[in-house]
Amino acid sequence: MSQSSLTGASATEVTLQHRICEDPSKLWERLWLWVTDRINPIVVKEVRQSLKSRQFTISFGLTLLAAISWTLFAVSIMVPRIYYVPAGLPLLTGFFCILNLPLMVIIPFGAFRSLASETEDSTFELLSISALSSIQIIYGKMASAGVQIVLFLSALAPCIVLTYLLRGVSLFTILFVLSLTLLFSVLETALALLFASMSRSRMIQNLTSVLALAGLLIGFFAWCSLIISILQEDFLDQAIMSEPGITLAWTFAIATIAGLLGSLILRTASAAIDFPSENNSTTIRLRVFGLVSLSFFWAMYGIAAIKESAALLVLGIAIFILLMFVGSLVSGERGIISPRAQRGLPKTFLGRVFLTWFYPGAGLGYVLIVCLFGAFTGTAAAFSLYFGSELRNNVSAVLGCYLLLCYLAIYLGINRLIMLLLPKELSGRLVGSFALLVVILLLSHLLPLLVAFYAANYRNIDYTAIQSFNIFWTLYELDRADLNAAQVVLTITAIAVFGANLILCTRDVLLVRVALPSRVREDDTPVAPEAVAQPVDPFA
Amino acid sequence: MVATVHTSPMIQLRRLFRFFGNTKAVNDVSFEVLPGQVFGYIGPNGAGKTTSMRILSTLDLPDYGDALVDGFSVVNDPDRVRKRLGFMPDNFGTYPNMNCVEYLDFFARSYGIVGRDRTKALRHTLAYTGLDKIAEKSIRGLSKGMRQRLCLGRAMIHDPSVLILDEPANGLDPRARIELRHMIRGLAAMGKTLLVSSHILTELGEMCDAIGIIERGQLIISGTVADIKAQLRPHIDVLVRLIAKGEDLGLWLADKPGISHIQASDLVVRFQFASDQPQEQAQLLQAIVQASFPVLEYSSESRSLEDVFLQITTGAVQ
């Protein structure tokens with residue numbers, strides 16, 4: 001224990017005049033201190049920096065200028081019709097396009113740069129050795145972006161209210177499109193943070209910076225097109241009028257899935273910057289499990305409502321893409337369960353059987369992901385059997401999901417087996433694993449095509465068993481060609497790859513829980529309060 | 001604010017290994033630093049000092065072995081280590097659009113110091129590091145010396161019991177170095193344990209209780225400065241100037257125990273004496289004078305830390 005604590009009595013002897021160093025005297029100052037003490041320190045820092053930064057001032061000023069200019073321009077060309085014809089829709093479209101630029105490009109890219117510059121300016125190491133957890137760092141960056149979103153939104157809020165007053169657009173449409181835009185902006189920001197956290201190598205960060213900006217610009221234009229078409233088609237009002245229950249259910253489905261997806265992305269980003277011995281896998285895998293279950297729940301609701309099993313295949317493809325991405329990151333794990341993570345391993349036999357798969361280790365993660373999609377396919381098959389006669393395209397959707405299960409087992413399995421050969425300490429394993437999966441997919445699709453073209457003397461070719469590993473072509477031929485040979489090839493290969501991976505992760509399965517070190521137990525034990533002398537009763 | 005009540009070593013390196021490809025940056029390094037000690041970590045560039053310090057600061061993982069801070073493993077309990085440790089890297093980052101007090105305030109918040117505790121910690125840190133006069137100055141405009149002070153302030157803002165300072169005196173002018181030395185000794189007087197690496201060996205010699213010399217990833221020697229000097233060369237060089245009879249003194253000394261390498265001329269005699277204890281030197285001088293040799297000057301020179309360093313290290317790099 002230090003003889004003179006920094007927060008001890010000696011500190012009061014120092015007289016320093018500065019607003020941050022002064023004890024608050026007024027009530028509102030004490031209240032403000034109390035509030036900021038409970039806010040993530042990253043948010044406090046970023047807000048302080050933003051208020052002094054030229055980038056924020058310029059982008060905020062330009063957005064305001066654009067909104068005012070658009071209002072004046074649109075109103076001036078609509079006069080005098082504006083007095084008797086509903087004029088809200090064109091104005092609203094313009095405002096959303098203006099709002100989309102900061103929300104879809106500037107803020108997400110700002111969040112990306114904010115995290116990336118921590119590495120460039122050598123401040124990331126200082127942050128990582130502070131008491132802030134990686135989750136606090138990522139959520140702090142996200143919350144700072146949230147503050148900016150609120151500021152930009154508040155700047156354009158009067159303009160959006162104006163469009164409602166000008167008629168021609170319903171309140172539901174405005175709120176729906178606005179909520180969707182905010183949700184998409186938050187998801188984009190979370191993805192930008194994930195990209196920024198993937199590697200600390202300057203070269204890879206520059207590359208991801210360019211890719212992120214390109215992706216954000218594409219997202220901006222795509223979102224603007226979508227917003228324009230949603231507003232012009234006016235189908236939202238029709239949907240809420242004709243089927244309010246289903247419309248609200250879909251709205252709720254989108255919100256819950258996007259929320260869970262965003263939380264999964266942020267947790268993955270925090271895991272990427274966390275200390276290697278920390279167990280982040282369990283939380284991430286539980287979120288993946290929750291996301292797949294939630295998506296499946298809403299899909300079943302949707303299928304039961306619209307009686308179309310093709311939706312099952314669409315959902316299967318969406319979950320397949322998500323699990324391929326998550327699986328590639330899982331394969332990039334170091335593949336070691338640290339002694340720290342072993343402290344939390346399940347105690348009981350049943351716990352070990354069912355929960356071990358949620359613990360760190362590329363092999364365990366791979367098995368979990370394949371089993372998860374297997375459970376999805378099995379439940380989908382049971383569901384289609386139950387509703388069999390009522391559904392359209394019943395068999396092909398289940399077969400499609402089964403083929404996707406085989407692809408998942410094969411491609412992720414091969415990816416994991418190759419990653420096992422690389423050094424565990426290799427930097428950028430996560431990015432490397434994702435890149436490797438892309439290469440495996442490219443090779444497995446292009447090589448059979450080239451062979452088939454060569455065999456057919458570069459003429460038109462038909463689908464044969466050699467193209468079984470081509471995901472797109474096989475799914476395209478689902479209702480057209482005989483896929484028996486492809487089923488056999490894919491099933492055998494999937495079982496072989498899955499079996500090899502299962503054998504190689506036996507060591508991880510057999511690991512048992514380890515006890516807490518005595519020093520940690522000692523540190524966790526609260527210090528017993530000193531015995532207080534009881535007053536003596538003089539009359540006893 | 002973490003209280004430490006036990007007396008076991010605050011820093012322990014246990015057979016630490018860290019490889020970068022074929023380079024053994026840290027190769028089987030073990031040592032201990034006791035509470036309240038200032039331990040100097042010395043070695044040429046690329047010896048493995050920074051790597052070991054980064055492992056201790058939970059910024060890197062060892063390939064084998066472990067390091068403990070206040071009994072907690074840096075591998076398995078980094079969160080507990082971080083609460084007890086302040087690290088000052090050799091190149092530290094700053095945020096744009098921030099001044100000194102905002103920078104320290106942010107890190108105080110990051111360590112979970114809230115309310116009046118934070119304002120007190122800020123006041124004390126700014127005063128201790130001498131940054132109170134320039135608290136509102138932008139970090140980008142600070143001199144090297146002031147930046148070092150700010151970095152030290154950041155490392156000590158949460159009142160850690162262990163401080164790891166990587167090349168803190170690097171690039172500082174002589175006055176700033178002296179001030180830094182006083183600050184480090186002041187922190188040790190507060191009961192903090194310090195691990196300090198530096199190339200400026202004269203500085204370390206004056207402020208360290210113990211030192212460890214590392215080269216090519218291996219710890220060559222460790223212990224207190226005096227012990228190491230004695231262990232490496234347990235004698236001192238003595239020079240005696242006389243008015244006359246120098247050669248006679250040489251002959252006289254040849255019969256005495258603990259005297260060697262005598263070089264005598266008429267007026268100057270040089271020799272090595274197998275002890276650097278002041279009492280024994282005084283007795284020898286008294287004996288020379290009592291033997292009626294006309295002594296004009298008697299001087300002895302012990303070895304500096306630089307001599308020790310040069311003798312031990314080969315200067316080889318990997």
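None of these values were measured; they are calculated from a predicted model.

So, the pairing of strand β7 (residues 162–166) of chain B
Note on strand geometry: in a regular strand, side chains alternate between the two faces of the sheet.
Residue and element names in this part refer to chain B.
Piece 1. Most of β7 is tucked away: 5 of the 5 residues are buried.
Piece 2. Burial along β7 is two-sided: Val162, Ile164 and Asp166 facing one way and Leu163 and Leu165 facing the other are all buried.
Piece 3. Of the strand pairs in this sheet, strand β6 (residues 85–88) and β7 are connected by 4 bridges, and their pairing is parallel. When the bridges of β7 are listed, Met88 appears paired with Leu165.
Piece 4. Regarding the hand of the β-α-β motif, the stretch spanning β7, helix α6 (residues 174–189) and strand β8 (residues 193–197) is right-handed.

What about the sheet that holds strand β4 (residues 64–69) of chain B?
Neighbouring strands of a sheet are bound in pairs by backbone hydrogen bonds; such pairs are parallel or else antiparallel.
All names here are of chain B.
Piece 1. Spatial ordering of the open sheet is given by β2-β1-β4-β5, a layout of 4 strands whose pairing is antiparallel. The outermost strands of the open sheet, each flanked by one partner alone, are β2 (23–33) and β5 (72–73).
Piece 2. Where strand β1 (residues 11–20) lies against β4, 5 bridges are found, and the strand directions are antiparallel. By the bridge assignment, Phe17 is partnered in β4 with Tyr64.
Piece 3. Each of β1, β2 and β4 touches helix α1 (residues 49–56); the most contacted strand, β1, lies at about 120° to it.

Quick look at the interface of chain A and chain B
Piece 1. The interface is formed by 58 residues belonging to chain A together with 68 residues belonging to chain B.
Piece 2. Overall, the association of chain A and chain B removes approximately 5700 Å² of surface from exposure, summing both partners, and the carbon and sulfur fraction of that is 57%.
Piece 3. Counting across the interface, chain A meets chain B through 12 salt bridges.
Piece 4. Notably, a salt bridge pairs A:Arg343 with B:Asp77, separated by 2.7 Å at the nearest N-O pair.
Piece 5. Among the elements of the structure, α1 (27–37), α2 (41–52), α5 (124–128), α13 (339–342) and α21 (518–524) of chain A are those that each provide at least two residues to the side of chain A that touches chain B.
Piece 6. Sort the elements by how many residues they give to the side of chain A that touches chain B and α2(A) lands first, with 7 residues.
Piece 7. In terms of residue class, the side of chain A that touches chain B is made up of 22 nonpolar, 17 polar and 19 charged.

So, the confidence of the model for chain A
Piece 1. Looking at chain A as a whole, the pLDDT averages 84, with 91% of positions reaching at least 70.
Piece 2. The low-confidence segment residues 1–15 of chain A (pLDDT under 50) makes 34 contacts with residues lying over four places distant or belonging to another chain.

Remarks on the pattern of salt bridges
For side chains of opposite charge, pairing can occur when their charged atoms come near one another.
Residues and elements named next belong to chain A.
Piece 1. Applying the stated criterion across every chain yields a total of 30 salt bridges over all chains.
Piece 2. When the shortest N-O distance is used, the salt bridge between Arg519 and Glu522 registers 3.3 Å. Pair noted here: Arg519 and Glu522 are both in helix α21, with a separation of 3 residues, about one helical turn.
Piece 3. By relative accessible area, Arg519 is classed as buried at 12%.

A short note on a nonpolar patch on the surface
All names here are of chain A.
Piece 1. There is a patch of nonpolar side chains on the surface, built from Phe434, Val438, Val439, Leu442, Leu443, Leu446, Leu447 and Leu450 and spanning about 710 Å² of accessible area.
Piece 2. By secondary structure assignment, the location of Leu446 is in helix α17 (residues 429–455).
Piece 3. The exposure class of Leu446 is partly exposed, given its relative accessible area of 48%.

A closer look at the domain arrangement of chain A
Residues and elements named next belong to chain A.
Piece 1. Along its sequence, chain A is organised into domain 1 (33–245) and domain 2 (303–515).
Piece 2. The C-alpha centroid of domain 2 is placed 35 Å from the C-alpha centroid of domain 1.
Piece 3. Residue-level contacts link 4 residues of domain 1 with 4 residues of domain 2.
Piece 4. With both chains or domains summed, domain 1 and domain 2 bury close to 340 Å², and 92% of this area falls on carbon and sulfur atoms.
Piece 5. For domain 1, the biggest contributors to the area lost against domain 2 are Leu194, Met198 and Ile204; these three give 88% of the whole.
Piece 6. For the side of domain 1 that touches domain 2, the per-class residue count stands at 3 nonpolar, 1 polar and no charged.

Some words on the pairing of strand β3 (residues 38–42) of chain B
All names here are of chain B.
Piece 1. Within β3, 5 of the 5 residues are buried, leaving the element largely enclosed by the surrounding structure.
Piece 2. Burial of β3 is two-sided: the residues Val38, Gly40 and Ile42 facing one way and the residues Phe39 and Tyr41 facing the other way are all buried.
Piece 3. Relative to β8, β3 is paired through 4 bridges, and the arrangement is parallel. Looking across to β8, one finds that Phe39 is bridged to Leu195.

Quick look at the packing of helix α3 (residues 100–110) of chain B against helix α4 (residues 115–128) of chain B
Packed helices, taken two at a time, are described by their axes: the angle between them and the distance between them.
All names here are of chain B.
Piece 1. The interhelical angle for the contact between α3 and α4, taken along N-to-C directions, is 130°, at an axis separation of 10 Å. Between α3 and α4, the crossing angle belongs to the class labelled oblique. Judged by the twist between their axes, the crossing of α3 over α4 is right-handed. For the pair α3 and α4, the contacting residues are Val101, Leu104, Asp105, Ala108 and Arg109 in the first and Arg118, Leu122, Thr125 and Leu126 in the second.
Piece 2. Its residues assigned to classes, the contact of α3 with α4 shows 5 nonpolar, 1 polar and 3 charged.

Things to note about the sheet that holds strand β12 (residues 259–264) of chain B
Residue and element names in this part refer to chain B.
Piece 1. On the basis of which strands lie adjacent, the open sheet formed by 4 strands has the order β12-β13-β11-β14 and antiparallel pairing. Across the chains shown, the open sheet's two edge strands, defined by having one partner strand only, are β12 and β14 (295–301). Sheet twist, expressed as the average angle between the axes of neighbouring strands with direction ignored, equals 15°.
Piece 2. The sheet contact formed by β12 and strand β13 (residues 268–273) spans 4 bridges and is antiparallel. Bridging across to β13, Ala264 finds its partner in Val269.
Piece 3. Helix-sheet contacts for helix α9 (residues 246–254) involve β11 (236–242), β12 and β13, and the interaxial angle to β12 is about 165°.
Piece 4. The sheet contacts of helix α10 (residues 278–290) involve β11, β12, β13 and β14, and relative to β14 the element is tilted by about 160°.

Looking at the domain arrangement of chain B
Piece 1. Partitioning chain B into structural domains gives domain 1 (11–230) and domain 2 (234–302).
Piece 2. Here domain 1 of chain B and domain 2 of chain B have C-alpha centroids that lie 44 Å from each other.

Describing unusual backbone geometry
Piece 1. Cis rather than trans, the peptide bond between A:Val79 and A:Pro80 has omega equal to 10°.
Piece 2. Checked against the element boundaries, A:Pro80 lands in the loop between α3 (54–78) and α4 (88–120).
Piece 3. Even without being glycine, B:Arg15 reaches a positive phi, approximately 45°.
Piece 4. As for its placement among the helices and strands, B:Arg15 is situated in strand β1.
Piece 5. A relative accessible area of 51% means that B:Arg15 is categorised as exposed.
Piece 6. Despite not being glycine, B:His261 has its phi angle at roughly 50°, a positive value.
Piece 7. The topology assignment puts B:His261 in strand β12.

Quick notes on the rules
Residues numbered from 1 in each chain as written. Chains lettered and ligands numbered in written order. Predicted model: local features only at pLDDT ≥ 70, side-chain atom pairs only at ≥ 80, totals over all residues. Heavy atoms only, no water. Buried < 20%, exposed > 50% of the residue type's maximum accessible area, 1.4 Å probe, protein only. Helix = DSSP H or I, 4+ residues; strand = E, 2+ residues; numbered from the N terminus. Pairing = 2+ DSSP bridges. Right-handed = clockwise from strand over helix to strand, strands pointing away. Contact = heavy atoms within 4.5 Å. Axes fitted to C-alpha atoms, helices over the stretch in contact; angles between N-to-C directions. Buried area = accessible area lost by both parts, 1.4 Å probe. Salt bridge = Lys/Arg side-chain N within 4 Å of Asp/Glu carboxyl O. Nonpolar A, V, L, I, M, F, W, Y, C, P; charged D, E, K, R; others polar. pLDDT = per-residue confidence, 0-100. Patch = residues over 30% accessible without salt bridge, like charges linked within 9 Å, V, L, I, M, F, W, Y side chains within 5 Å. Areas by Shrake-Rupley, 256 points an atom, 1.4 Å probe, with all protein chains shown as cover. Domains from an automatic or database assignment. Parallel < 35°, antiparallel > 145°, perpendicular 65-115°, else oblique. Left-handed = near helix turned anticlockwise from the far one by under 90°.

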